[in-house]
There are 2 protein chains.
Amino acid sequence: MVEDVHVRPGGRSARVRASVHRAVEELVGAESADTLTIPAVAARAGVHPTTVYRRWGSVSQLLADVATSRFSGDVVVPDTGSLAGDLERWMGDVATDLADPDVLALMRATIGSGPEGGCACTVDRHEQLGAIIERERARGGAAPDVERAVDLLLGPLYYRAVFSSRPASSQWARGLVASLLADRAPSL
Amino acid sequence: MVEDVHVRPGGRSARVRASVHRAVEELVGAESADTLTIPAVAARAGVHPTTVYRRWGSVSQLLADVATSRFSGDVVVPDTGSLAGDLERWMGDVATDLADPDVLALMRATIGSGPEGGCACTVDRHEQLGAIIERERARGGAAPDVERAVDLLLGPLYYRAVFSSRPASSQWARGLVASLLADRAPSL
């Protein structure tokens, strides 16, 4: 990941970053992933290729930066008063986000660009799930391990989005919460 | 998917296909996915680029063909006499396959190449899981829906392999079978 130490809101650096990110999202959404090169991104963003090379280094680092930014803070952690309610609303929202073809295209391109790509798409989801589970514990309730919740909630949801032709509807995604909360198998 | 109507074992067409597939696997394994272009594959396979364009059309169709071939028949459907035994052995074998960095690199590149890439990696896994479940029914046993099994077995396993930094050990993968077989949530 590239540390973004130069950004201040409204500064030139922030404007460059915003146009480069937008150029990546547009190119990734436009069918063929093969065309995503640094010169193509730079041309579309209206900046010099050297600027992009200097700041991001490679297509895979650039995609990881765009994905981390796109998949952070876009889904709100709900507070419905119960663990089941929080998880159901959150899973419905994540599934709705994943139903957007542009989101899927960015996710696929990021995965394809290198070994770290997948994690860049989900690091914030893990943190959000951790926050939901922590809040239930703070309420005095029992809650599954975060990793168990990742396995049984995000596992099936992202699998359908990437590997399966079955739709990952938000209703179906909310239903996964019942399996997690009924889960009596030993923690692994 | 490109229909492969010209292949006969030992024929020129089969030899071309084998060298092109090998070239793709080697290039995909060699770090940077950006270098996977049809001219690069053709050069490495020692064939004319036109041959590759004519037969596969695009990098994404070529990758889907290589992935379908690589992920078919490589894992054997076991027959241990029980559903739990069959599923545990099979999940352990699939997890072992996914622990190979070359397998992961091919899977990531195939996903990154287009919307159909993910399915090309898992279509045979769905058929194998269906066969295991069918056999249990033929024995007179009760078995979960195939789609439920896909969600709760392949979901967590492929999620860890692609999206998470947690290891997807074969022991952990075998443990997922307990969650599936203990699952009492309503089918979705």
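No experiment lies behind these values; they were computed from the predicted model shown.

Engineer: In this structure, what is going on with the interface of chain B and chain A? I would like to understand it.
Structural biologist: Buried accessible area, meaning the area lost when the parts come together, often serves as the stated size of an interface. At the interface, 38 residues of chain B touch 38 residues of chain A. Carbon and sulfur atoms supply 65% of the area buried between chain B and chain A, which totals about 3300 Å² over both sides. It is R108, Y159 and F163 of chain B in chain B that bury the most area against chain A; as a group they hold 21% of the surface buried on that side. Where chain B packs against chain A, one counts four salt bridges. Here R160 of chain A and D151 of chain B are joined by a salt bridge, their closest N and O atoms 3.3 Å apart. In this structure, the connection of chain B to chain A is made through eleven residue pairs in polar contact (both at pLDDT 80 or more). Those elements giving two or more residues to the side of chain B that touches chain A turn out to be helix 6 (101-112), helix 7 (117-138), helix 8 (146-163) and helix 9 (170-182) of chain B. The biggest single contributor to the side of chain B that touches chain A is helix 8 of chain B, with 13 residues. Class assignment for the residues of the side of chain B that touches chain A results in 20 nonpolar, ten polar and eight charged.

Engineer: How should I be thinking about the relation of the copies chain B and chain A in this particular structure?
Structural biologist: Here two copies of a chain appear, and what relates them is a rotation about an axis with a shift along it. At an RMSD of 0.0 Å, chain B and chain A line up after a rotation of 180 degrees and a shift of 0.0 Å along the axis. The relationship between the two copies is best expressed as a two-fold rotation axis. Both copies present the same face, since 100% of the interface residues in chain B are matched by interface residues at the equivalent positions in chain A.

Criteria and cut-off values
- Residues numbered from 1 in each chain as written.
- Chains lettered and ligands numbered in written order.
- Predicted model: local features only at pLDDT ≥ 70, side-chain atom pairs only at ≥ 80, totals over all residues.
- Heavy atoms only, no water.
- Contact = heavy atoms within 4.5 Å.
- Buried area = accessible area lost by both parts, 1.4 Å probe.
- Salt bridge = Lys/Arg side-chain N within 4 Å of Asp/Glu carboxyl O.
- Polar contact = N/O pair within 3.5 Å; in protein donor to acceptor, adjacent residues only side chain to side chain.
- Helix = DSSP H or I, 4+ residues; strand = E, 2+ residues; numbered from the N terminus.
- Nonpolar A, V, L, I, M, F, W, Y, C, P; charged D, E, K, R; others polar.
- Least-squares fit on C-alpha atoms with pLDDT ≥ 70 in both.

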